[in-house]
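Letter by letter, the chains look like this.
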Amino acid sequence: MSSSGRTKKTVNKDGDDDPNSEYNQEEQVISSAISNGEDLGPIIRKAFSNGKPDILLSSLKNFKKSKEYEIEEVCKIHYQDFITAVDELKDLLSDVDELKSSISSSNSILQSTALPLLNILDSFIESRNVYNNVHVALNSVQICIRLLELCSRVNFHLESNNFYLALKCIDLLENEFLDDGRTPSVTIRRMLEKQIPSMRLFIERKISKEFGDWLVDIRLVSRNLGQLAIGQASAGRQREEELRIKQRQAEEQSRLSLRDCVYALIEEEEEDESGDGVGYDGKEMLYSNGGSGMLGFDLTPLYRAYHIHQNLGLENRFKQYYFENRKLQLTSDFQVSSMTPFLESHQTFFAQIAGFFIVEDRILRTGGGLITKYEVENLWDTAVSKMCSVLEDQFSRMQTANHLLLIKDYVSLLGVTLCRYGYPVHALLDVIGKHRDKYHELLLSESKKLIGEALAADNFEQMMMRKEYEYSMNVLAFQIQTSEIMPAFPYIAPFSSTVPDCCRIVRSFIEDSVSFMSYGGQLEFYDVVKKHLDRLLTDVLDGSLLKLIKSPSVNGVSQAMLVAANMAVLERACDFFFRHAAQLSGIPLRMAERGRKQNPLNNARDAAEEVLSGLLKAKVDGFMILVENVNWVSEEVPHNGNEYVNEVIIYLETLVSTAQQILLVQVLKRVLKGVLSHISGKIVSILLSDSVKRFNISAITGIDVDVRLLESFADNLSHIFSDEDASQLKSALVESRQLMNLLLSSHPENFLNPVIRERSYNTLDYRKVISISEKLKDSSDSYFGSFGGRGTKQDPKKRSLDALVKRLKDVS
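Counting of residues starts from 1 at the beginning of each chain's written sequence and follows it residue by residue. Two thresholds apply to this predicted model, a pLDDT of at least 70 for residue-level local features and 80 or more for giving and counting side-chain atom pairs, whereas whole-chain, interface and lining totals are computed over all residues. Each side-chain value is derived from all of the structure's non-hydrogen atoms; neither hydrogens nor water enter the calculation.

Once that is clear, we can look at the overall build of the protein chain. Within the protein chain, the secondary structure is distributed over 27 helices and two strands. The classification of residues rests on relative accessible area computed with a 1.4 Å probe and restricted to protein chains. Under 20% of the type maximum is buried, over 50% is exposed, and intermediate values are partly exposed. A burial count over the protein chain gives 40% of its 812 residues as buried. For the protein chain, the share of sequence-separated contacts (at least 6 apart) that also reach a separation of at least 24 residues comes to 76%. Methods summary: accessible areas were calculated by the Shrake-Rupley approach with a probe of 1.4 Å, and residue burial reflects only the protein chains presented. Here the protein chain has roughly 45,600 Å² of accessible surface; of this, 53% comes from carbon and sulfur atoms. The numbering of helices and of strands both runs from the N terminus, where a helix is a DSSP run of H or I of at least 4 residues and a strand a run of E of at least 2. Residue contacts follow a heavy-atom distance rule, with two residues in contact if any of their heavy atoms lie within 4.5 Å.

Let's shift gears to a nonpolar patch on the surface. A patch is a set of surface residues, each over 30% in relative accessible area and not in a salt bridge, joined within 9 Å for like charges and within 5 Å for the nonpolar side chains Val, Leu, Ile, Met, Phe, Trp and Tyr. For salt bridges, the criterion is a side-chain nitrogen of Lys or Arg within 4 Å of an Asp or Glu carboxyl oxygen. A cluster of nonpolar residues, L115, L118, L121, F124 and I125, forms a patch on the protein surface that exposes about 450 Å² of accessible area. Relative to the elements of secondary structure, L121 occurs in helix α3 (residues 53-159). Note on L121: relative accessible area 41%, which makes it partly exposed.

Checked against the element boundaries, N402 lands in helix α10 (residues 401-419). The class for N402 is partly exposed, based on a relative accessible area of 42%. Sequence spacing of N402 and L443 is 41 residues, and the spatial spacing of their C-alpha atoms is 8.0 Å.

So, about a negative patch on the surface. Residues D87, E88, D91, D95, D97 and E98 make up a contiguous surface patch of negative charge. By secondary structure assignment, the location of E88 is in helix α3. E88 gets classed as exposed once you look at its relative accessible area, which sits at 53%. Charge counting follows a simple rule: Lys and Arg are positive, Asp and Glu are negative, and His as well as the terminal groups are ignored. Working definition for charges: the position is that of NZ of Lys, CZ of Arg, CG of Asp or CD of Glu.

A word on the side chain of D704. Structurally, the position occupied by D704 is in helix α21 (residues 697-715). Overall, D704 belongs to the buried group, its relative accessible area being 7%. Pairs of N or O atoms within 3.5 Å make up the polar contacts considered here, provided that, within protein, one atom can donate a hydrogen while the other can accept it, and that residues adjacent in sequence are counted only when both atoms are side-chain atoms. Within the structure, D704 has its side chain in polar contact with the side chain of R708 (distance 2.8 Å). Residue contacts for D704: discarding those within four places in its chain leaves R737, M740 and L744.

Under the counting rule described, the total for this entry stands at 21 salt bridges. The partner of E210 in a salt bridge is R304, with the nearest N and O atoms 3.2 Å apart. Taken together, the positions of E210 in helix α5 (residues 186-256) and R304 in helix α6 (residues 300-311) put the pair 94 residues apart, joining distant regions of the chain. Measuring nitrogen to oxygen at the nearest pair gives 2.4 Å for the salt bridge that ties R219 to D333. Taken together, the residues R219 in helix α5 and D333 in helix α7 (residues 315-333) connect sequence positions 114 residues apart.

Taking 1.5 Å as the rise per residue, helix α16 (residues 557-585) with 29 residues should run 42 Å; its terminal C-alpha atoms sit 41 Å apart, in good agreement. Of all 29 residues in α16, 23 are buried, a share of seventy percent or more. One or two steps after α16, the chain reaches G586, where phi turns positive at roughly 80°. To estimate how far a helix should extend, the number of its residues minus one is multiplied by 1.5 Å.

This paragraph deals with unusual backbone geometry. In this structure, P490 follows F489 across a cis peptide bond, with omega equal to 5°. Mapped onto the secondary structure, P490 falls in the loop between α13 (468-474) and β2 (491-492). A positive phi angle is found at Q479, which is not glycine, with a value near 55°. For Q479, the location among the structural elements is in the loop between α13 and β2.

Another aspect to go through is the packing of aromatic side chains. The relation between two aromatic rings is expressed through the spacing of the ring centres and the mutual angle of the planes. Between the rings of Phe, Tyr and Trp (Trp by its six-membered ring), a pair exists once the centres lie within 6.5 Å; its type follows the angle of the planes, with under 30 degrees stacked, over 60 edge-to-face, and the other angles tilted. As enumerated under the stated definition, the model contains 19 aromatic pairs in all. Ring centres 5.1 Å apart and planes at 40° place the aromatic pair W380 and Y423 in the tilted group. With W380 in helix α9 (residues 373-397) and Y423 in the loop between α10 and α11 (426-434), this pair connects stretches of sequence that are 43 residues apart. By relative accessible area, W380 is classed as buried at 2%. Among the residues examined, Y423 registers a relative accessible area of 6% and is labelled buried. One residue, K408, lies across the ring of F516, its end atom 5.9 Å from the ring centre. Geometrically, a charge over a ring is one whose NZ (Lys) or CZ (Arg) sits within 6 Å of the ring centre while staying within 35 degrees of the ring normal.

For helices, the axis comes from a line fit to the C-alpha atoms of the stretch in contact; other axes are also lines fit to C-alpha atoms, and the angle between any two N-to-C directions lies between 0 and 180 degrees. Their axes nearest at 12 Å, the elements helix α23 (residues 734-743) and helix α25 (residues 766-774) cross at an angle of 50°. As the angle between them shows, α23 and α25 are arranged oblique. Considering the relative orientation of α23 and α25, their crossing is right-handed. Seen from α23, the contacting residues are E735, L739, L742 and L743; seen from α25, they are K768, V769, I772 and S773. Classification used: nonpolar for Ala, Val, Leu, Ile, Met, Phe, Trp, Tyr, Cys and Pro, charged for Asp, Glu, Lys and Arg, polar for all others including Gly. Looking at the contact of α23 with α25, its residues break down into five nonpolar, one polar and two charged. The cut-offs work like this: below 35 degrees is roughly parallel, past 145 is roughly antiparallel, 65 to 115 is roughly perpendicular, and the gaps in between are oblique. Each crossing gets its handedness from the near helix: less than a right angle anticlockwise from the far helix is left-handed, clockwise is right-handed.

It is the contact of helix α20 (residues 665-688) with α25, at a shortest axis distance of 9 Å, that shows an interaxial angle of 55°. Judged by the angle between their axes, α20 and α25 are oblique. Along its contact with α20, which presents V684, L687 and L688, the element α25 presents K768, S771 and I772. Here the residues of the contact of α20 with α25 sort into four nonpolar, one polar and one charged.

Right, let's talk about the environment of L548 for a bit. Within the secondary structure, L548 is located in helix α15 (residues 526-549). Judged by relative accessible area, which is 12%, L548 ranks as buried. Residues L548 and L455, 93 residues apart in the sequence, show an inter-C-alpha distance of 7.3 Å. Excluding anything up to four places from it in sequence, L548 contacts L455, F460, S553 and V554.

Counting all residues, the mean pLDDT for the protein chain is 78, and 83% of those residues have values of 70 or more. In the predicted structure, residues 1-17 sits below a pLDDT of 50 and forms 21 contacts with residues beyond four places in sequence or in another chain. The predictor reports its confidence for every residue as pLDDT, a score running from 0 up to 100. Contacts for the low-pLDDT stretch residues 255-295, under 50 throughout, to residues beyond four places or in other chains number 62 contacts.

A separate point is the state of the cysteines. Any two cysteine sulfur atoms lying within 2.5 Å of each other are counted as a disulfide. Counted according to the given criterion, the structure contains zero disulfides. With no disulfide of its own, C502 lies 7.1 Å from the sulfur of C503, the closest cysteine sulfur. C502 gets classed as buried once you look at its relative accessible area, which sits at 1%. Judged by relative accessible area, C503 falls into the buried class, the value being 0%.

Encoded structure:
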């Protein structure tokens, strides 16, 4: 090169070669940036922003020149090697020409030799291609035949609604003609790729519609199923109750006739009406898994839809869809219509829920994982919570005990039904238990109203029964008969119609109370029933009877006597009430007797006897007015008694002959005892009264005869009462008898002896003795004695009485 020997010297624009000058520094920076591959943008911007682009351009030119110089130097170094390589290439070119000539001649020879072979090869290849095409065509025809066959089967199964078989054929189409790449035509392949999803979508829609129809049908089926299941539970309960009744009758018969043979009550198993031996406990008669079942309870559409969705790969989606729809249905079942009273709709409400969970129990056990136990439990918890809420709301509104009982009975049957399927029902029973007191308060209020109406309708006439069934219904039904012998009819009962009416009300109360407490999760409830029965008898019945007894309507002896007779019969009926409650509660009778009040109607009974006794005393007082006719200073003794006592005895005998037909012996005894005691006190009070100024021994002897007549009357009642009772009646006259004995005694001073006084005069008040003794007239003080008898001795009896009076006054 011309410039190989030259040296280059870089001079800056101003001719300054100082390396520290600004120009050289700028050139160094640019050179370093280009060498390092850095971005020159910032340097260029900086040069233009400083207004010195010339320096930059000059630096770039100098850098270019320096690089050209370097290139030139490199070329100088390799120039000789290049010349050598060119010479070698020239030598190689001559060798290549020779080789080319040799190859050309060899090719001509090969072409002339291979041309016949090539023609033969072309013919072979053409024949083989024809063969291959025919073979491919045959295979394609076979594939098309198989394809058409599968498509025809798919259509047939779709028309027959055999979706599972249709899906299997579609899977074959997909596996054989799409996945394996055997489809001979792109067009057919595209057709399959389009139609297979369409067929699956068609199947999904069809099966979804079928499942939707099943969801609609299962609601009505669930309601009927729930009603059937609850009805069977009710029938089972009825059979148990009938068995208990037979058992109680057997026990009662054994108790009343111990000499009879002891036997066991065996209840034969009732055969299943279907004849297959499967009863309610088997739960199979309630539904069918593949058929129509007794109520069309068919799970086939559901399981078919589930199976199809499994084959479509949509199992989880179908599970979720099923659960959500059933949950919505259950939520809809919870709706309580405000247009229909709950009392009328509660059976449908609970039957719908019962049927729902019977169906879910079946699906849980046979659905192959369609729904899980956890999901069913969640649905049940929701249902229980809602039912409890509805019950709480409805119970709080009810003001009729019977309405509360009807709903409670159905809820308890619902609990029995679903408990057999493993669903916990304690929460429902707790709601019932919480309203136990309210129910009994309502029942007490209604019973009080009925008892008041029954007592208000009483005509105070003995009840007449013309037929045996009337006697059984009004007497034997409450065990208030006094004899085991059937009476002759027509039969006049010793009570009014109020008694059986009240007994029916109390019995109904017991049965309703037991019915509410039964089947409510509480095994022993007799104490609760007994507590409320005590309240009914003590507060309601006793109070109502007491109100009746104190009313102005009871204003005659016959009315009061009938009321007292009613009280005695009702008192006997109370024993039946507690036995009946114990039997219905399923506890032994001996346990029912423990801790029971002897008579919860004591107040009314005492009031009735008090009213009767008061009326009888008033009647007796009317006869006792005749005591004014007694001559207290007569010298003659009325050996047949005074007029008043005869009238009294005639009345009492008439009273006893009437009363013994309706009053119990003990009641009659208590009433007569009170009347006789009143007569005795009346005799003493007459002697004490100011109307009797003086009396003589003859008058006292006459009064003694009167007392003896009364005592004889009591003794003559031994055919009605026992000797002990007759003695107690006689003892009611003890005050007047002791007074007569003292006044007629030869030694009245014995009254001062404490031992004799306690034995013979314990009922006498010494103040009364003083007052009466002072009125005794001496026999020497006769009307004519003042003339011829002056100076005669005083009557010893009078003298003893005077001495007794004096000593009593000293003591007092």
